[in-house]
Amino acid sequence: MTAAAPIRSPATPPAIVFTDWDGTVTLQDSNDYITDNLGMGHPKRMIINDKILDGTTTFRDGFREMLDSIHKPFSECIEYLLANIQLDPGFKSFYEWCQAENIPVIVISSGMKPIISALLTNLIGEDAMKNIEIVSNDVEINPNDESDWEIIYRDPESGFGHDKARSIKQYLDNHGYTTKDNTPVLFYCGDGVSDLSAAKETDLLFAKHGKDLIKYCIRESIPYTEFNDFQEILSKVQTIVKHNGDIQQFIENP
Ligand SMILES: [Mg+2]
């Protein structure tokens, strides 16, 4: 006997892709980039990074300390990033394919919304801003002194600052995806510590080759599949969504 087909309305997309932004959709992490070049610099950032990795400080507090070391006007930081940050070479075709297949792409980020919006518009175009929802932290800028700005966390009580698992659950709730049967296939793409909270919420986690998230997945026995760029993500998502491929075949730590 075969299992009953899931009950999904015709409007239900075949899949939903949640993705981290910095270092995942972009090649460089924009917050690390401004911290290294306009703030405390790479060596000091690494000291805080190690504390986050070994758990002696939270991502929320460490990340704030990094950003607090930047005393440039916020608009100057954005200009600097627009001139230096590059897009993953496969992301544009991935996004276009998802659009054609009615698959929503949602950015779930620990970064600040105005930076992500500026980069998204600059790297992909105005259209992407309309089609890609951004769920992230924000920024507050002193109206009398643009060099005085601070990150505003979405979930200040969480050690992650932005509880990505909560955002994914909220998105699913808001769209009525409340049971396994009516929920599309869920994917998450990420590279770092802040993605850990989201890692268990989807059917398949894409973790970037050579980055911190993989170490965590191995340590915590969270199933993942590796990617180098969005071309590889596209190929695996197509196999699963279009050709009914088994997700398990891609898991690297079964
Ligand atoms: Mg990242």
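A short tour of the structure in this document, coming up. (Residues numbered from 1 in each chain as written. Predicted model: local features only at pLDDT ≥ 70, side-chain atom pairs only at ≥ 80, totals over all residues.)

We now examine the overall build of the chain. A count of helices and strands for the chain gives ten helices and seven strands. With the principal axes as the frame, the chain shows a C-alpha extent of 65 × 40 × 30 Å. Looking at the chain as a whole, 34% of its 254 residues are labelled buried. In the chain, 67% of the contacts between residues at least 6 apart in sequence involve partners at least 24 apart. (Helix = DSSP H or I, 4+ residues; strand = E, 2+ residues; numbered from the N terminus. Buried ≥ 20, exposed ≤ 12 C-beta atoms within 10 Å, placed from the backbone. Contact = placed C-beta atoms within 7 Å.)

Along the chain, Gln238 turns up in helix H10 (residues 230-242). Taking the C-beta count within 10 Å as the criterion, Gln238 has 14 such neighbours and is therefore assigned partly exposed. Remark: the alpha-carbon pair of Gln238 and Cys98, spanning 140 residues in sequence, is separated by 9.7 Å.

Right, let's talk about the packing of helix H2 (residues 42-54) against helix H3 (residues 59-68) for a bit. To describe two helices that pack against each other, one gives the angle between their axes and the distance between the axes. Where H2 meets H3, the closest approach of the two axes is 9 Å, and the angle between their N-to-C directions is 175°. The pairing of H2 with H3 is recorded here as roughly antiparallel in orientation. Between H2, through Arg45, Ile48, Lys51 and Ile52, and H3, the contact on the second element is made entirely by Phe59, Gly62, Glu65 and Met66. Looking at the contact of H2 with H3 residue by residue, the class counts come to four nonpolar, one polar and three charged. (Axes fitted to C-alpha atoms, helices over the stretch in contact; angles between N-to-C directions. Parallel < 35°, antiparallel > 145°, perpendicular 65-115°, else oblique. Nonpolar A, V, L, I, M, F, W, Y, C, P; charged D, E, K, R; others polar.)

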